[in-house]
Structure formats: C-alpha cells, structure tokens
2 protein chains.
Amino acid sequence: MSDLEKDEITEKEFDSVEEMREEQIDNKFAQCTELLERKRYAEFARVIEEMNPVDTADFFSELPYHQIPTVFKLVKKGRLADIFAELDTEIQEKIIHAMTDKELAYIIEDLFLDDAVDMIEELPANVVTRIMRVATAETREQINKFLAYPEFSAGSVMTAEFISLNKNMTCSDAISYIRRTGVDKETVYTAYVTDERRIIEGTVSFKDLLFAKVEQRVGDIMDSEVIFASTVDDKEYVADTIAKYGLLAMPIVDKEQRLVGIVTVDDAIEVIQEEATEDIEIMAAITPSDKPYLRTGVLETWKNRFPWLLVLMLSAIFSSAIITHYETAIGTYAILTAFFPMLMNTGGNAGSQSSVAIIRAMSLGEIEKRDFFRVVWKEFRVSVLCAVGLGSVCFLKTIAIDFKFQATEVLANGAVQDNLMIAFIVSVTACCAVIFAKFIGTVLPMGAKKIGLDPAVMASPFITTIVDTVTLVIYFAIASQILNF
Amino acid sequence: MSDLEKDEITEKEFDSVEEMREEQIDNKFAQCTELLERKRYAEFARVIEEMNPVDTADFFSELPYHQIPTVFKLVKKGRLADIFAELDTEIQEKIIHAMTDKELAYIIEDLFLDDAVDMIEELPANVVTRIMRVATAETREQINKFLAYPEFSAGSVMTAEFISLNKNMTCSDAISYIRRTGVDKETVYTAYVTDERRIIEGTVSFKDLLFAKVEQRVGDIMDSEVIFASTVDDKEYVADTIAKYGLLAMPIVDKEQRLVGIVTVDDAIEVIQEEATEDIEIMAAITPSDKPYLRTGVLETWKNRFPWLLVLMLSAIFSSAIITHYETAIGTYAILTAFFPMLMNTGGNAGSQSSVAIIRAMSLGEIEKRDFFRVVWKEFRVSVLCAVGLGSVCFLKTIAIDFKFQATEVLANGAVQDNLMIAFIVSVTACCAVIFAKFIGTVLPMGAKKIGLDPAVMASPFITTIVDTVTLVIYFAIASQILNF
C-alpha cells in the first residue's frame, strides 16, 4: 500500500460525526413516517419514546399541520411535557385545541413554569383563558406572577423550580432532602441556602455536598459570596454573568431580596444567541424578531425591513442636495462624479468597521464607559494609518486606471494637468473620509450607550448616511478650491 | 405619604443588582489596592481567597505589569491554578518568568488540561519548552496530544478530565466511585459508561444515579442514545448541539470511537460568543481576531482592517468605469448624479438586510441547504413589496424635494418635463436595485456555504460593491433610453 493510500484511509477514519448524526436523524424520521403511514402506532410510540425530545419536536414540526394533534396523542404520558415544551407556539396552539381539559391540565402542571409562561405569552387570549381555567390555583398564581415580568428582565427567563436548603442541615440530610424533593427541579446540582424569610444566604453545589463529610453542616461548606441578580435586572446581564463565571445557574431575588427563581445555563445560552442575533439584525437595519427565519411570514419580514429602508432612502436628500447644489460645476467637471461610489463606499466601510467592532466589544463587556478616550485615541491612530495607505493607493489607481475609461474627446483638451489635480482631490478626500468615518463610527455607538440607546442602531447604515454627506462636502470643498468653481 | 412618594420608594426597592454588583467589585478592588499599598500582604491574601477567581484575575489585570508576579506570589496555593487560568496569556507569561521550576510544575499539574493547552498555544517557544520540561511525563504526553488538534476542532476545546463508569457497577458503587475520584474532574454531573476498549456505551447523569435504587446497575439506568462528536468535528457544531439539547457536557471520541474527552457547557458558551463575534467582524469586513478589543494593538487592528478596505476601494474601479463611460451625457444631465448616493445606498442596504438575515439564520441552523428555493422565493416576494413601496415614495420625494435644490439657471429652460422623466428614471432604478440587491444578498451567502466558503464574507461590503455596479448599469441603461444619449 502506498503512503498516499494510507493517508486516504486515515482521512476516512477521521470523518466527523456531524454528518453521520444528521443521517441517523434523517433515517429515524423516515422510520417514524413509515410507521405512521402503516398505522403501526404502538411501534411508533416506542421509537418516539427513545428519541431525544428535541429531535421528536423537530419531527413533529415537519409533519403536515392537521396531522400533528392526532400523532401527538400517541406520545407516552411521561414524555408529553418534554416534547411539548420544544414545539413552536403555533403547533402548541394546534395541539391544545385538540386536547380535552384533562389532558391540557396534565401538560400544564407537568411543564416547567418558565416553559409554560413562554408559551402563554404568545398564545391568543381565548387559549390562555382556557389554560388558566384548567390549571390549579397554585400554578395559576405562579403563572400570573411570571407574566408580570417585562420581556427584557431576568424574571422573564427564570424558573421557579429550584432547591433551597437550610444552613443547619447536615450534608447527609441535605442529600436525602434533595433525593426526596429534587426529581422535578430543573437543576439539582446547585442548591440555595435561605433563611426563614427566604433571603438567600449562600449556594452549595451538589459536588460540595458529595465531597463533604456527612456530618458537616450546610452552613459550613456553603459559598456565601453569592452571585445573584434581581428579577428586574436585564436578562442579558444575567446571561453574561453566567458565561463569565462559568455558572450552571444564577439565583434571582425579588425587591425584598427573597429568592424567587433561578436562571439556568441552557436558558442563558438562548439569551446569548438571541441577543447576538438581535445586535446583528439591528446593525443591518432590520427590526429584530423572535421567530426563526423560515417561520416569519413575508409580510412580517417586510414590516421589519421596509421602514428602515425608507428612512435611510429619505435621509439621502442631504447628499442629493449637495450634489444638486454643484450641478453647474459637475456639468464642466463630470469626471468628478466617477469617484462618488468609491469615496462613499470607502468612507462607509471604514466607519462600519469601527462602529461594529466597538458595538460588539461593548456588548461583550470588553469596553466600559471609562475607556472612552482610550478607544477614541486608538481608533484615531488606526484611521490615520488606514487613511495614508488608502490615499496613496487611491492616487496611483486613479491615474493608472480610472482615467483610461474616459472618452477620447474629453481627454483631447490637454487633460493631463487636470487629471493629476483630480487624482489629488480624490485621494485627499478619501483620506479625510476615512478619518472622519472612523471617528463617527467610534463616537456614535459609545454616545448612544451613554444616553441609554441601543448602540447597535449606530451601525453601518446609519453611519453610511452621515459619512456620505460629509464626504461629499469635503470633496466639493477641496475641488472648488483647486478647480475654482 | 403621597402616592408619588410611595411609587418612588417602590422604584428604589426595585433597583437592579447589576450596578450594585459593579460597585461592590470596585470597592473590593479599592480595598485590595489599599492593602497592597500598605504592605498588609497577609490580609490581602485573605481577601483574595474569598473573591471569585474570575474577579481576582480582573484585579490582577488592572495592576501595573511589573507588579503582577510579586502580587501573584501572595495567592494561596489552592487558588493559584483557578486564578491563573483566567488571566490573559501576556500576564501568564510574565508570571511564569518570575516562577521557580517547582512553582511552575505545581501550577501546570493543577490546571485543567484544556486551560493549560489554551495557554501553551499562545506562549512563545522558549516558555513552552520550559513548561514541557517541568511537567510530568504523563501531563507532557497529554498536552502534546491536545496540541495536535486543529484550532477549529472539538479536540481543541475539550478537556480530558471526565468520569467513566462501567455498566456493571451498581448505582451506589458508582456514587462512591465518583466521590473517591471526582474531586478533580471538570464536571461530575454527567458520567460516561464505557466498555473495556474505552468505547462509549451510554451516559448517566448524577441525578439519575441519585434517584435510582442503590442496587440498580448503571447499565440499566444509563441513556444509550448518546449525543457525541469526534475530535475533528467543528467546535461550532459541538457548541450548537450542546445549546440545542441543553446539555451540560458532550463526549468527544477519537477516530476509533474511543472516549477521549468532553466539552463542557461553559466552553460551549465561549465558542458561541467567539463565533458570533467572528461572524459580525467578517460581515463588517474585518479579519477576526481572538483578542479582546482593548488588548489588540493599533498595528494589529490596522492589519485586520486595511486589506479589506483596500480591496473594496480597488473594486470600485468598475463603478468608476461605468460613470466615466457616460461622462459626456453627465455633462448634459448633471442632475442624474444627484441620485447616485440614494440609489447605491438603498440597493446596498436592501442587499445587506437579506444577506445578514440569511447568514445569521444559517449559522443558527435555521436554514439548511434543502431550503434554498423556499428562501429565494420568500426573499423575492419581500423584495417586490419593498421595491414597490420605495419606488413610489422615491418618485414623490424626487419631485417634491430633490429638485428644489437646483440652481435657478438650470431650472429656467423648461425643466418640468425633464424632471418628471428623471424622477421616473430614478424610481424605476430604485425598484430594480432593491430587487436585484435582495436577490444577490440571498444567493451569494447560500452559494458560498454550498461551495464550503464562510457565508459571512458575502455580507454587506462585498454585496455593496456588486450592487453599486449593477445599479449604475441599470440607471444609465434606462436613462439613455428615455433621454436619448
């Protein structure tokens, strides 16, 4: 066997699991579809039972809508809530409509409170009324409390299922207590020590309990430096803190400092992904939406995009006005307009590099308010370096390439002298545009944050509009001086 | 007390914890600085010991560089590795230089393997040589194995500290085994069941062990539907899978399917944040960098940005060429140039909305290859809706506002007829530009993915350049037909 052949075999063995897994899931889905078609429902229920609830939910989502409620009834009772929680609201609604009150009540009580609340927030009023009617008084009260938390808040993503211990318990008592009560809790791996007023005193990880001596008191091994947040803190703060400190969950307290819930790491990841998507969308002049791309209708997508395009289009009246003002001069020096796209794009790109870098750094907490001048000074030096480089290349390029496209009759009237001057005007403008754009791209997002606006709004499209206008002003100011118009 | 006053108090009680915590940390830092200044080192060591290692690392990072190694020696032994792992590589290097071989060996052995490898990857060769010299043979071998995994791979972010069980153990044996061996493992909450060849057979969560009957066998309660990945899978796949299924850790196997490590949820969050930053940077025409914004030098920042600006600037020769080609016509109809910025920006913004939305949806796994036509068809309908709206408003705006800025001598020669025609040309071009831009913005990222390129490269700046050129071609094609030039 040649070395080459050996290499190929090694490559093959090294294949990634990602595609294999996709194939496995596709096969599983095909098997499920077949079982349903052949009406072998008991077997289908068995296959479903062994699948991960997330995959099962994916399978349900691919079924024709009218079929979902019937198929969902085949799911074994113990799995119902797990799968239900993973479905899109529209499908959940479809299923609820086909359920008896008893079935609905069972699901509602079995769902984790945060999943139930997430769903209720998006369901139409009549369905919510029905849910509230079938829920137990206790669940109803809790749901109502959770519904009151604003959408941005830690309260809106927390769950009420957590374990609280008393500091006087011994570790072995604590472990048996967790064993007795912990089955339904969303995480049993971090427990919270509270006093009789439910005020949080410390945290203790299951690992600590496990490795402690059985007779030690919880109060002796707990970590009393608790990292917590309040229900009204921004959920992004909670998610970032969980990420920063590598926590599995973060306790949430109410205004009286009483422990009312926890945010778990899986919810934190969701928040982190949502917030990144939101930033990206706002930076691209799109109103953020909670829904996945393919679940957003055409009209809704249009509604999220059109107003921004409209405002940005209308804001171009400034650049139009400047150009129109110099209409007569342009009649004489039409070649000047050939550099509009280059100048405006270069300015826009330079500005968006700075703004995007800074917006992202701010949302990752890498830049704080006190770093303002350091950031401006850094961006200024970068902008000068970029400007000098771009200006020089621009000068050469203008002379070497751009003028080649001129019609010969224009070139005829001794244009060489003019061309050098125009190349000079263009490249000096490019320099100024880059420096100005990077300055604006630095200052606007940081300023927005200072006055409590979302910095992401100050990204590329917004900056482009300002930079375009200023670039044109600089361009014509220099040109009119040199060419005397 | 008036209602207003009551409200104010409630508001105050509802204050968020975020700012309070920032203040607490600032105070703690001030206290530490003071203790250091007064040379009360024992007390300083005690305060540090109670602080979270992440915060302590932040404190060290703010000290003057030359002071760090001395202060670091005050940290109690048990805390050294935890704090050390959180520091930036430059600071780690500084500290290593000041350490004796014995101290260094202690830290290296105490670090989690993935943290040690992360550090070694960025240290200069001579420091790495020294680390390898002081490490035990076993650690050295493991480090070398980990260093061989490519940067994008699951292998590069996994950790070798995990718990493996045998399926014939009883649950109570398993728990005592974990108690005996688990202290150093990065997570004890998920254990992996392997056979004698170390091939993975199942996972069992600590929760399952805890709630099982003590005499049950691990093999009976384990979940044999293991979600795993290979060392050569993309780390992004691993992170997204952890997020999707809400896992605390994901097992990683080598080419012979043997369990060699796990990726924990805290590392997955880091990957998710890094990848989002990378996408955002590439979309803004910046070469991504691993380092935080303020830790990147001016020259490095310049190097990440300048080449893109240069290429994009040079690519503007196409739009310049088109405009130059029509120089004579522009001499007559200079007013046409007033709409360059508006047309190009509208096209660019429309295109970047689509491309960014699609790039993000692809990276979140919301769009698969098979959805290609669905996505194109959706974007086409959205683009037509946007185009019609923008075209109409554009026509009205052009007539009502833009012509007002013309110099009177231009307006004099019976310009009304011309103006209507020009407004028509402009708005039809805007329509076409929006539809074309959204098409390009849809097709390019998906095409890039298909041929294995990073879709993020096909975002705004790249699309702007194409859209600019095509918009100008459409503009002059329509104008030359209607105005006969």
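Along each chain, residues carry numbers from 1 onward, in the same order as the chain's sequence is written. The naming scheme follows written order: chains are lettered A onward, ligands numbered 1 onward. Where totals are concerned, whole chains, interfaces and linings use all residues; where local detail is concerned, this predicted model gives features only for residues with pLDDT of at least 70, and gives and counts side-chain atom pairs only at 80 or more. Water and hydrogen atoms were dropped before computing side-chain values, which therefore reflect all heavy atoms in the structure.

Draft legend 1. How the structure looks around the overall build of chain A. Only DSSP runs of H or I reaching four residues or more are called helices, and only runs of E reaching two or more are called strands; each is numbered from the N terminus. Within chain A, the regular secondary structure consists of 25 helices and six strands. Taken over C-alpha atoms, the radius of gyration is set against a globule rule of 2.2 Å times the number of residues to the power 0.38. Scaling as 2.2 N^0.38, a compact globule of 485 residues should have a C-alpha radius of gyration of about 23 Å, whereas chain A reaches 31 Å, well beyond that. Once the C-alpha set of chain A is aligned to its principal axes, its extents read approximately 95 × 70 × 60 Å. Exposure categories follow from relative accessible area, calculated using a 1.4 Å probe and restricted to protein chains: below 20% of the type maximum is buried, above 50% is exposed, and the middle band is partly exposed. In chain A, which comprises 485 residues, the proportion classed as buried is 53%. Taking as baseline every contact in chain A between residues at least 6 positions apart, the subset at least 24 positions apart corresponds to 67%. Of the charged side chains in chain A, 46 are positive and 75 negative, and the gap between their average positions amounts to 4 Å. By definition, residues are in contact when any of their heavy atoms lie within 4.5 Å. His is not counted, nor are the chain ends, whereas Lys and Arg count as positive and Asp and Glu as negative. A single reference atom marks each charge: NZ on Lys, CZ on Arg, CG on Asp, CD on Glu.

Draft legend 2. Representation of the sheet that holds strand E3 (residues 200-205) of chain B within the structure. Residue and element names in this part refer to chain B. Paired strands, as defined in this entry, are two strands with at least two bridges between them according to DSSP. Read across the sheet, three strands follow the order E1-E2-E3 without closing on themselves; strand pairing throughout is mixed. Across the chains shown, the open sheet's two edge strands, defined by having one partner strand only, are strand E1 (164-165) and E3. The pairing of strand E2 (residues 190-194) with E3 spans five bridges and is antiparallel. The residue of E3 that forms the bridge with Thr 190 is Ser 205.

Draft legend 3. Expanded view of the state of the cysteines. Residues and elements named next belong to chain A. Counting rule for disulfides: a pair of cysteine sulfur atoms within 2.5 Å. The final tally for this structure, using the stated rule, is zero disulfides over all chains. No disulfide involves Cys 386; its nearest neighbouring cysteine sulfur is the one of Cys 431, lying 11 Å away. Residue Cys 386 is classed as buried on the basis of its relative accessible area, which comes to 0%.

Draft legend 4. Broad picture of the relation of the copies chain B and chain A. What sets the superposition is a least-squares fit of C-alpha atoms, and only residues with pLDDT of at least 70 in both copies go into it. Relative to chain A, chain B is turned by 180° and slid 0.0 Å along the rotation axis, the superposed coordinates differing by an RMSD of 0.1 Å. Expressed as a symmetry operation, the mapping of one chain copy onto the other fits a two-fold axis. Using C-alpha coordinates, one finds that chain B approaches the rotation axis most closely at Gly331(B), a distance of 2.1 Å. Most of the interface of chain B is mirrored in chain A, where 100% of its interface residues again form contacts.

Draft legend 5. Spatial organisation of the interface of chain B and chain A. Taken together, the 138 residues of chain B in the interface contact 138 residues of chain A. A buried area of about 12500 Å², summed over both sides, lies between chain B and chain A, and 67% of it is on carbon and sulfur atoms. Computed with a 1.4 Å rolling probe, the buried area is the accessible surface lost when two parts are put together, summed over both parts. Of all residues in chain B, Tyr189(B), Tyr293(B) and Met313(B) give up the largest surface area on contact with chain A, accounting jointly for 6% of the area buried on that side. Salt bridge criterion: a side-chain nitrogen from Lys or Arg within 4 Å of a carboxyl oxygen from Asp or Glu. Joining chain B to chain A, the criterion identifies six salt bridges. Of the charged contacts, one joins Lys244(B) and Asp58(A) as a salt bridge, the two residues approaching to 2.9 Å between their closest N and O atoms. Pairs of N or O atoms are called polar contacts if they sit within 3.5 Å, as long as, within protein, a hydrogen donor faces a hydrogen acceptor (for residues adjacent in sequence, only side-chain-to-side-chain pairs). Viewed at the interface, chain A and chain B are joined by 43 residue pairs in polar contact (both at pLDDT 80 or more). Broken down by element, the residue count for the side of chain B that touches chain A peaks at 16 residues, all from helix H20 (residues 340-363) of chain B. Residues that form the side of chain B that touches chain A fall into these classes: 76 nonpolar, 29 polar and 33 charged. Under this grouping Gly is polar, as are all residues other than the nonpolar Ala, Val, Leu, Ile, Met, Phe, Trp, Tyr, Cys and Pro and the charged Asp, Glu, Lys and Arg.

Draft legend 6. Main features of the sheet that holds strand E3 (residues 200-205) of chain A. Residue and element names in this part refer to chain A. Strand order in the open sheet made by the three strands is E1-E2-E3, with mixed pairing throughout. Looking at strand neighbours, the two that pair on one side only are strand E1 (163-165) and E3, the edges of this open sheet. The mean angle between the axes of side-by-side strands here comes to 35°, regardless of whether they run parallel or antiparallel. Both E1 and strand E2 (residues 190-194) contribute to a ladder of three bridges, which runs parallel. Across the sheet, Ile 163 pairs through a bridge with Ala 191, a residue of E2. Each axis is a line fitted through C-alpha atoms, and for a helix only the stretch in contact is used; angles between axes span 0 to 180 degrees, taken between their N-to-C directions.

Draft legend 7. Summary view of helix H17 (residues 298-314) of chain B. With 17 residues, H17(B) should cover 24 Å at 1.5 Å per step; its first-to-last C-alpha distance of 24 Å lies within 8% of that length. For H17(B), the complete set of buried residues consists of Val298(B), Thr301(B), Asn304(B), Arg305(B), Phe306(B), Leu309(B), Leu312(B) and Met313(B). In a helix, the anticipated span is given by 1.5 Å times the number of residues less one.

Draft legend 8. Quick look at unusual backbone geometry. Backbone geometry places Arg198(A), a non-glycine residue, at a positive phi of 65°. On the accessibility criterion, Arg198(A) (42% relative accessible area) is partly exposed.

Draft legend 9. Representation of the nonpolar core in the model. Residues belong to a common nonpolar core when they are buried Ala, Val, Leu, Ile, Met, Phe, Trp, Tyr or Cys residues joined through side-chain atoms within 4.5 Å. By size, the foremost hydrophobic cluster in this structure holds 137 residues, and its most contacted members are Phe72(A) and Phe72(B). The residues touching Phe72(B), leaving out its near neighbours within four places in the chain, are Phe60(B), Leu80(B), Ile83(B), Phe84(B), Leu87(B), Ile95(B), Met99(B) and Ile107(B). Formed by 85 residues, the second largest nonpolar core is a distinct cluster that contains Val298(A), Ile330(A), Met342(A) and Ile422(A).

Draft legend 10. Fine view of the pattern of salt bridges. For the structure on display, the rule yields 36 salt bridges over all chains. Two residues, Arg21(A) and Asp55(A), come together in a salt bridge whose shortest N-O distance is 3.3 Å. With Arg21(A) in helix H2 (residues 17-37) and Asp55(A) in helix H4 (residues 53-62), this pair connects stretches of sequence that are 34 residues apart. Take Arg21(A): its relative accessible area is 11%, and that puts it in the buried class. Here Arg40(B) ties to Glu43(B) by a salt bridge, and the two come within 2.9 Å at their closest N and O atoms. By relative accessible area, which is 34% here, Arg40(B) ends up partly exposed.

Draft legend 11. Highlighting the confidence of the model for chain A. All names here are of chain A. Counting all residues, the mean pLDDT for chain A is 86, and 93% of those residues have values of 70 or more. In predicted models, pLDDT denotes the confidence assigned by the predictor to each residue on a 0 to 100 scale. The least confident element of chain A, judged by mean pLDDT, is helix H1 (residues 3-13) at 40; the most confident is strand E5 (residues 249-253) at 93. In this model residues 1-14 is a low-confidence stretch, pLDDT under 50, and it forms eight contacts with partners more than four residues away in sequence or in other chains. Across the assembled chains, the prediction reports ipTM 0.82 with pTM 0.83.

Draft legend 12. Region of the structure containing the packing of aromatic side chains. Centre distance within 6.5 Å is the pairing criterion for rings of Phe, Tyr and Trp, where only the six-membered ring of Trp is used; planes under 30 degrees apart are then read as stacked, over 60 as edge-to-face, and the remainder as tilted. Counting across every chain of the model gives 31 aromatic pairs over all chains. Seen in terms of ring centroids, Phe60(B) and Phe72(B) are 5.7 Å apart; in terms of plane orientation they differ by 70°. Their pairing is edge-to-face. You can see Phe60(B) sitting in helix H4 (residues 53-62) and its partner Phe72(B) sitting in helix H5 (residues 68-72), a full 12 residues away along the chain. Taken as a pair, Phe60(B) and Phe72(B) share a single burial class, namely buried. Where Phe146(B) meets Tyr149(B), the ring centres are 5.8 Å apart and the plane angle is 80°; that geometry is what we call edge-to-face. Classification of Phe146(B) as buried rests on a relative accessible area of 3%. An aromatic cluster is present here, built from Tyr326(A), Phe340(A), Tyr475(A), Phe476(A), Tyr326(B), Phe340(B), Tyr475(B) and Phe476(B) joined pairwise through their rings. Placement of a charge over a ring requires the Lys NZ or Arg CZ to be within 6 Å of the ring centre, with the centre-to-atom vector within 35 degrees of the ring normal. One cation-aromatic arrangement involves Lys77(A) over Tyr106(A); the distance from NZ or CZ to the ring centre is 4.5 Å. Stacked on the ring of Tyr293(A), the Lys or Arg Lys378(B) has its end atom at 4.2 Å from the ring centre.

Draft legend 13. Region of interest: empty space enclosed by the protein. With a 1 Å grid spanning the protein atoms alone, the term cavity applies to any set of points in which a 1.4 Å probe fits but cannot get out, the term pocket to an open set with protein on both sides within 12 Å along at least five of seven lines, and the term lining residue to any residue with an atom within 4 Å of a point. Grid points are joined across faces, edges and corners, and a volume is the space filled by probe spheres set on the points. Inspection of every chain in the model, using the stated rule, returns four cavities of 30 Å³ or more. In this structure, the largest cavity spans a volume of roughly 400 Å³. Considering the residues around the largest cavity, the lining is formed by 26 residues, among which Ser352(A), Ser460(A), Ser352(B), Ser460(B) and Thr464(B) are closest to the centre. Every element with two or more residues in the lining of the largest cavity is listed here: helix H17 (265-283), helix H21 (340-363) and helix H25 (460-483) of chain A together with helix H16 (265-283), H20 and helix H24 (460-483) of chain B.

Draft legend 14. Geometry of the environment of Phe211(B). Looking at the element boundaries, Phe211(B) is found in helix H13 (residues 206-211). Residues Phe211(B) and Cys171(B), spaced 40 residues apart in sequence, show a C-alpha to C-alpha distance of 9.4 Å.

Draft legend 15. Summary view of the packing of helix H9 (residues 113-122) of chain B against helix H11 (residues 137-147) of chain B. Residues and elements named next belong to chain B. Two elements in contact, H9 and H11, have axes whose closest approach is 10 Å; the angle formed by their N-to-C orientations is 65°. Read as a crossing pair, H9 and H11 show a hand that is right-handed. Here Leu 113, Val 117, Ile 120 and Glu 121 of H9 come into contact with H11, specifically with Gln 142, Ile 143, Phe 146 and Leu 147. Residues of the contact of H9 with H11, tallied by class, amount to six nonpolar, one polar and one charged. Helix crossings fall into two classes, left-handed where the near helix is turned counterclockwise from the far one by less than a right angle and right-handed where it is turned clockwise.

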